[in-house]
Amino acid sequence: MKILVSAMETSSNVHLKELKKYLSDDVEFVGVFDKELGKPLYDLTSLAIMGFVDALKKIKFFFRLRDELVALAKDCDKVLLLDSSGFNLPLAKKIRQTYPNKEIIYYILPQAWAWKRGRVKILEENCSKLCSILPFEKEIYNDKDKIYYVGHPLLDEIKEFKNELSNSGKIVFMPGSRKTEITNLMPIFNELIKKIPNKEYILVIPPKFDDEYIKNTYGDISNFTISKNTHEALIEAEYAFICSGTATLEAALIGTPFTLSYIAKKLDFFIGKTFVKLNFVGLANIFFEKMGKEKLHSEFLQEDVTVENLLNDYKSLNKNKFFVNSKILREYLKSGSSRNVASIIEN
């Protein structure tokens, strides 16, 4: 079976690698994906964009890429789209127009439940099957036969969960992966560790960053032990301070108590607050709200991200309650998604 794949994000390819383990050996990927999975059209690094100006510069390239993928779809048995709605939704429409009977499967759906509800109609009109990784997502779709809750990919990718709370003396700091996030949070983290003595401070840095970038972006990190393995660091830690993102859900599932802190550019935060109508930014808290429960962890945003607030949360968080709730969260998400998506693809 030949499958046209459009997986343009690093995180999408992590999910795709797990998925491939459950697909038959005769399945071949063509299109856009990590080169570890076959022979893609382009190296993923050439597709990375940073900000609006960069996106404008590359717009001709992305139109050409869309047309190339549509042409490739002709000889493919099925189409698999992962995340990246800005590119993949127009691609789905073009493939549907060109090949009305081609099966199009969308995995890691756009967050239409948070904003831009109009994407639901586009997805239902142009995709054959919708693979949701959020238990509540199905509620907003009209065609219930088209959308499947398949489980969550993190339950495949996390290989170890805590059986008890840790007293390792290790505290993890994760200031994010974007330059703005890192430069905003590192000065606060450097002050915070002075208030929490006699601990080992683990700084998690994405493996893609080279030494020169780390030196120029992170500033003085001499008081930290460096780790480039998120799951390993979280398993060993007794506590964590984490920038908003997937890492907060990883910590919640693993069972490591943490505090979420996030400082965005003022304009970006204003736009997000205007269009995204959510009470929480952390996925674990969003899940718990959907279950009718209290939030799992604290969230400090913008000017509330202070050394004093983070320190008070560290001291006051009910860690035993957090640990019990982390098990409830795993039960809510039920299972990993890779095996179920593979079954849907090969059915």
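Here the residue numbers are simple positions, counted from 1 along each chain's written sequence. Local features in this predicted model are restricted to residues of pLDDT 70 or higher, and side-chain atom pairs are both shown and tallied only at a pLDDT of 80 or more, whereas totals for entire chains, interfaces and linings draw on every residue. Excluded from the side-chain calculations are hydrogens and water; all other atoms, namely the structure's heavy atoms, are used.

### As for the pattern of salt bridges
By definition here, a salt bridge exists when the distance from a side-chain nitrogen of Lys or Arg to a carboxyl oxygen of Asp or Glu is within 4 Å. Evaluated as defined, the whole model comprises 12 salt bridges. The residue Lys17 makes a salt bridge to Asp34 at a minimum N-O spacing of 3.9 Å. On the criterion of sequence distance, the pair formed by Lys17 in helix H1 (residues 10-20) and Asp34 in the loop between strand E2 (28-32) and helix H2 (51-57) is long-range, its members being 17 residues apart. Exposure categories follow from relative accessible area, calculated using a 1.4 Å probe and restricted to protein chains: below 20% of the type maximum is buried, above 50% is exposed, and the middle band is partly exposed. On the basis of relative accessibility, which here comes to 18%, the residue Asp34 falls in the buried class. Of the charged contacts in the structure, one is a salt bridge between Glu238 and Lys199, with a shortest N-O distance of 2.7 Å. Of the two residues, Glu238 is situated in the loop between helix H9 (230-236) and strand E10 (239-243) and Lys199 in the loop between helix H7 (179-195) and strand E8 (200-204); the sequence distance between them amounts to 39 residues. Note on Lys199: relative accessible area 28%, which makes it partly exposed. Only DSSP runs of H or I reaching four residues or more are called helices, and only runs of E reaching two or more are called strands; each is numbered from the N terminus.

### Comments concerning helix H15 (residues 338-346)
When H15 is considered as a whole, its buried residues turn out to be Ser338, Val341, Ala342, Ile344 and Ile345. In a view along the axis of H15, the buried residues occupy a sector of 160°, so they form one face of it. Within this analysis, the arc is defined by the directions that extend from the helix axis to the C-beta atoms.

### Looking at the packing of H7 against helix H13 (residues 307-316)
For helices, the axis comes from a line fit to the C-alpha atoms of the stretch in contact; other axes are also lines fit to C-alpha atoms, and the angle between any two N-to-C directions lies between 0 and 180 degrees. Running from N to C, H7 and H13 cross one another at 50°; their axes reach a closest spacing of 9 Å. The angle between H7 and H13 places the two elements in the oblique class. Taken as a pair, H7 and H13 cross one another with a handedness that is right-handed. On the side of H7, the interface is formed by Ile188, Phe189, Glu191, Leu192 and Lys195, while H13 contributes Val307, Leu310 and Leu311. In terms of residue class, the contact of H7 with H13 is made up of 6 nonpolar, no polar and 2 charged. To sort the angles, those under 35 degrees are grouped as roughly parallel, those over 145 as roughly antiparallel, those from 65 to 115 as roughly perpendicular, and the leftovers as oblique. Less than a right angle of anticlockwise turn of the near helix away from the far helix marks a crossing as left-handed, whereas a clockwise turn marks it as right-handed. In what follows, a contact means two residues having at least one pair of non-hydrogen atoms within 4.5 Å. Note that Gly is not counted as nonpolar here; it falls among the polar residues with everything else outside the nonpolar set of Ala, Val, Leu, Ile, Met, Phe, Trp, Tyr, Cys and Pro and the charged set of Asp, Glu, Lys and Arg.

### Here's the deal with the sheet that holds strand E12 (residues 299-301)
A pair of strands is treated as paired once DSSP finds two or more bridges between them. With parallel pairing, the 6 strands of this open sheet are ordered in space as E9-E8-E7-E10-E11-E12. Each of the sheet's edge strands pairs with one partner strand only, and the pair in question is strand E9 (225-227) and E12. Along the sheet, successive strands turn relative to each other by an average axial angle of 20°, direction set aside. Inspection of the sheet shows E10 paired to strand E11 (residues 258-262) by 4 bridges, in the parallel sense.

### Here we look at the side chain of Lys162
Mapped onto the fold, Lys162 is located in the loop between helix H6 (154-157) and strand E7 (170-174). Although Lys162 lies buried, it forms no salt bridge, and the closest oppositely charged side chain, Glu238, sits 8.4 Å away as judged by the N-O distance. Charge counting follows a simple rule: Lys and Arg are positive, Asp and Glu are negative, and His as well as the terminal groups are ignored.

### Details of the packing of aromatic side chains
Pairing of aromatic side chains requires ring centres within 6.5 Å, counting the rings of Phe and Tyr and the six-membered ring of Trp. Pairs whose planes differ by under 30 degrees are stacked, by over 60 edge-to-face, and all others tilted. The final tally for this structure, using the stated rule, is 18 aromatic pairs. Between the aromatic rings of Phe173 and Tyr201, the centroid separation amounts to 6.3 Å while the plane-to-plane angle is 65°, which identifies the pairing as edge-to-face. Linking Phe173 in strand E7 with Tyr201 in strand E8, this pair joins segments that are 28 residues apart in sequence. Its relative accessible area of 0% is what places Phe173 among the buried residues. Between Tyr201 and Phe224, the aromatic rings sit 6.5 Å apart at their centres with planes inclined by 70°, giving edge-to-face as the arrangement. With Tyr201 in strand E8 and Phe224 in the loop between helix H8 (211-218) and E9, this pair connects stretches of sequence that are 23 residues apart.

### Considerations on helix H10 (residues 246-254)
Within H10, 8 of the 9 residues are buried, which leaves the element mostly enclosed by the surrounding structure. The complete set of buried residues in H10 reads Ala247, Thr248, Leu249, Glu250, Ala251, Ala252, Leu253 and Ile254. A positive phi of about 105° marks Gly255, the residue just after H10.

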